[in-house]
Amino acid sequence: MVMPERAQAVLRLLRGYATIAPTDLPEVLRREYESLQISHLTIYLADLQQKQLVSVPDSRVEAPRTVPIDGTLAGWAYRTASPRITEDSMGRGLVLWLPLLDGVERLGVVGIQAPVLDATTVETCRALVSLIALVVVDKAAYSDAYTMRQRLASMQTPSELVWAFLAPRTIGTDRFTSSAVLEPAYNLGGDAFDHSTVDHTVQLGIFDSMGHDLAAGLVTSVALAACRASRRAGAGLEQMAITIDDAVNEVFPDRYVTAVLASMQTGTGSLEWVNCGHPTPLLIRDKEVLREALGQDPEPPLGLRSMKPGNGRRVSRFQMEPGDSVLLYTDGVTEARSPSGTRFGEERFTDFIIRAIAAGDPAPEALRRLIHTILEHHGGELDDDATIVLLEWHPFPQARSIPEA
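Residues numbered from 1 in each chain as written. Predicted model: local features only at pLDDT ≥ 70, side-chain atom pairs only at ≥ 80, totals over all residues. Heavy atoms only, no water.

- With an unreviewed UniProt entry as reference, the protein is termed Serine/threonine-protein phosphatase, source organism Streptomyces mexicanus.

In structure tokens form, the structure reads like this:
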């Protein structure tokens, strides 16, 4: 049986992607346009703050092309993680906008022009975009080509340090989604987040080191490293907290970090957490905040050696219900102030999340819009780090409505 020409083109790209230089990707794809029966293709990656879509490096184009994420068709595909087909403004056929995804993590979008977008062409484009995502993720691990294009400002050293340790902003399966955002992206101090999944368990962490300097970034990096080393050795939450406490105190005896460490069984919704001097996690159920559900007295911050040997750390437990969400955040979220001095506040914070999810926003999009609203409230740039992690438990997923463009 002879393989269709389109499938052969995708297979050639798959076989050769390992040796493609990041800046050569557009040219390599151009060679296959005829076989794929498309006339043009442009890859856009989201910038660090998720405000703009920026074209990937292309030897034929000197300056990057940018498209706003808000208010554009390309941005609609990114915001909703859904395809969009429109007519080309120059009358050269149709344009298919497809989200560029690494699992559930949004990387950007791909715009594909074709004379005709029949079912076979659309499916070929979907396969092609999946391959492009694989290339982008693979090359970004050892090349700065894409990272440099995604940065629209200079990054300070403490922020570079923290970003180097961070997990992807969004992870998930058919049972859960965990998504995070943090600002100021280019000038972070001591905030960070972490999430990971193994054996039907999702584990979360949010950290806030004292200060807003390079030392704060170093403390956070030590805390993240100790957290992961302990977690990957099979430790539970209590031992993870003790390990972080010892590591921070050993390296920075005059510093500390507040944190919430949590884990949830994705099959049962059984939630455990340890709160070490941090704002209380919030539970959202049926469009309401159950403020006392997770309101245990916090333990002391990590790094102070405040606990006597043998006392350990208290692990709290809660049984979640399908559809529940857990919010972890740092105080920079609620303490952000407008030029007139008005705090953003917890009520405005939780109300925004509830309304966004009720309107059909996926968790990553709800947080993207929220962090931009917080930035606007504070006049465009924050004085303190603001980090948010939203965990959704959806063991019986239901189709969500898609917002209009």
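Looking at the overall build of the protein
Okay, step 1: Of regular secondary structure, the protein possesses 12 helices and 17 strands.
Okay, step 2: The C-alpha atoms of the protein give a radius of gyration of 22 Å, which matches the 22 Å a tight globule of 405 residues would have.
Okay, step 3: Expressed as lengths along the three principal axes of its C-alpha atoms, the size of the protein is roughly 70 × 55 × 40 Å.
Okay, step 4: The positive charge centre, built from 37 side chains, and the negative charge centre, built from 52, are 3 Å apart in the protein. (Helix = DSSP H or I, 4+ residues; strand = E, 2+ residues; numbered from the N terminus. Rg over C-alpha atoms; globule rule 2.2 N^0.38 Å. Lys, Arg positive; Asp, Glu negative; His and termini not counted. Charge placed at Lys NZ, Arg CZ, Asp CG, Glu CD.)

Thoughts on the packing of helix α1 (residues 5-16) against helix α5 (residues 119-140)
Okay, step 1: Two numbers describe how α1 lies on α5: the axes approach to 11 Å, and their chain directions differ by 0 degrees. With respect to their mutual orientation, α1 and α5 come out roughly parallel. Facing Arg6, Val10, Leu13 and Leu14 of α1, the residues of α5 in contact are Thr120, Thr121, Thr124, Leu128, Leu131 and Leu134.
Okay, step 2: Among the residues making up the contact of α1 with α5, the classes are represented as six nonpolar, three polar and one charged. (Axes fitted to C-alpha atoms, helices over the stretch in contact; angles between N-to-C directions. Parallel < 35°, antiparallel > 145°, perpendicular 65-115°, else oblique. Contact = heavy atoms within 4.5 Å. Nonpolar A, V, L, I, M, F, W, Y, C, P; charged D, E, K, R; others polar.)

Some details on the sheet that holds strand β10 (residues 201-209)
Okay, step 1: In space, the five strands of this open sheet follow the order β9-β10-β11-β12-β15, with antiparallel pairing throughout. Edge positions in the sheet fall to β9 (191-198) and β15 (316-319), since each has one partner strand and no second. Here the average twist between neighbouring strands, direction ignored, is 15 degrees.
Okay, step 2: With eight bridges connecting them, β9 and β10 associate as antiparallel partners. Across the sheet, the residue bridging to Thr197 is Val202, located in β10.
Okay, step 3: Most of the contacts of helix α8 (residues 214-232) go to β9, to which it runs at about 15 degrees, and overall it touches β9, β10 and β11 (257-265). (Pairing = 2+ DSSP bridges.)

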